[in-house]
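Each chain, written out:
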Amino acid sequence: MVRSLGQEDYFADRLVRQASGHGQLLLAWDDGTAVGDVYVWLAAAEEPELRARLPDVPLLTHLEVVPGRRNQGIGTELLQVAERELWERGYKHVALGVNLDNHAAQRLYLRLGYTEWPHGLLATTEVVYHPDGVRERRPEVCRVMVRQLEQDRSSPW
């Protein structure tokens, strides 16, 4: 996983969180090589606005697909698997934050039925994991998008 996606400290942190029941790391593989991932954040949101307005709503974070494999449906499939897992756990909604400059991701989320929440932009913090183990926290403003989960008979799940 780290060989193709890098970010060793990030994945180490997410696997610890997963082991303690705070989330689930989902990976897309192709012939033994990780080509994408998404983390399903099941713990309480870090941002007070999310905790207040979307209590008990899981968050999808860190959706990524390796550059040479983008626009091949991998990100869509990762989202659909995450949504199916959440539906099976009894969740009715899911949310995510997307960087204001990430127009491709915004288009993807809209196409998949996510809608922007009506409470405006959200000031949050991006955590950058440096190779030397340092975790840098940077301010980030994102657009919050929410999707109602439902079992669609036409979908593979």
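Conventions used here
Residues numbered from 1 in each chain as written. Predicted model: local features only at pLDDT ≥ 70, side-chain atom pairs only at ≥ 80, totals over all residues. Heavy atoms only, no water. Helix = DSSP H or I, 4+ residues; strand = E, 2+ residues; numbered from the N terminus. Buried < 20%, exposed > 50% of the residue type's maximum accessible area, 1.4 Å probe, protein only. Contact = heavy atoms within 4.5 Å. Areas by Shrake-Rupley, 256 points an atom, 1.4 Å probe, with all protein chains shown as cover. Lys, Arg positive; Asp, Glu negative; His and termini not counted. Charge placed at Lys NZ, Arg CZ, Asp CG, Glu CD. Pairing = 2+ DSSP bridges. Expected span 1.5 Å × (residues − 1). Arc of directions from axis to C-beta. Right-handed = clockwise from strand over helix to strand, strands pointing away.

In terms of helices and strands, the protein carries five helices and seven strands. Listing the helices and strands of the protein from first to last along the sequence gives α-α-β-β-α-β-α-β-α-β-β-β. Projecting the C-alpha coordinates of the protein onto the three principal axes gives extents of approximately 40 × 35 × 35 Å. Relative to its 157 residues, the protein shows a buried fraction of 38%. In the protein, 61% of the contacts between residues at least 6 apart in sequence involve partners at least 24 apart. Put simply, the protein shows about 9,200 Å² of open surface, and 47% of that area lies on carbon and sulfur atoms. Looking at charge distribution, the protein has the averaged site of its 18 positive side-chain charges lying 3 Å from that of its 23 negative ones.

Sheet topology places strand β6 (residues 122-129) next to strand β7 (residues 135-148); eight bridges connect them, and they run antiparallel. Across the sheet, valine 127 pairs through a bridge with arginine 137, a residue of β7. What sits between β6 and β7 in their antiparallel hairpin is a turn of five residues, with glycine 133 showing a positive phi close to 95°.

Compared with the 16 Å implied by 1.5 Å per residue over 12 residues, the 17 Å span of helix α2 (residues 8-19) between its first and last C-alpha is a close match. Tyr10, Phe11, Asp13 and Arg14 are the residues of α2 that are buried. When α2 is viewed along its axis, its buried side chains cluster within an angular range of 160° and face the same direction. Within α2, the exposed residues directed more than 90 degrees away from the buried face are Glu8, Val16 and Ala19. Of the surrounding elements, those touching the buried residues of α2 are α1 (2-5), β1 (23-30), β2 (33-41), β3 (59-65), β6 and β7. Phi turns positive, to about 85°, at glycine 21, one or two residues after α2.

Before going further, it helps to examine the pairing of strand β4 (residues 93-99). Taken together, the two bridges between β3 and β4 define a ladder with parallel strand orientation. Residue leucine 59 lies in a different strand from β4, and its bridge partner there is alanine 95. For the crossover from β3 across helix α4 (residues 74-88) to β4, the handedness is right-handed. Relative to β7, β4 is paired through seven bridges, and the arrangement is antiparallel. Bridging across to β7, valine 94 finds its partner in arginine 147.

In this structure, aspartate 31 is a non-glycine residue whose phi angle is positive, near 55°. Following the sequence through the fold, aspartate 31 ends up in the loop between β1 and β2. Judged by relative accessible area, which is 77%, aspartate 31 ranks as exposed. Positioned with a positive phi, aspartate 56 is a non-glycine residue whose angle comes to about 60°.

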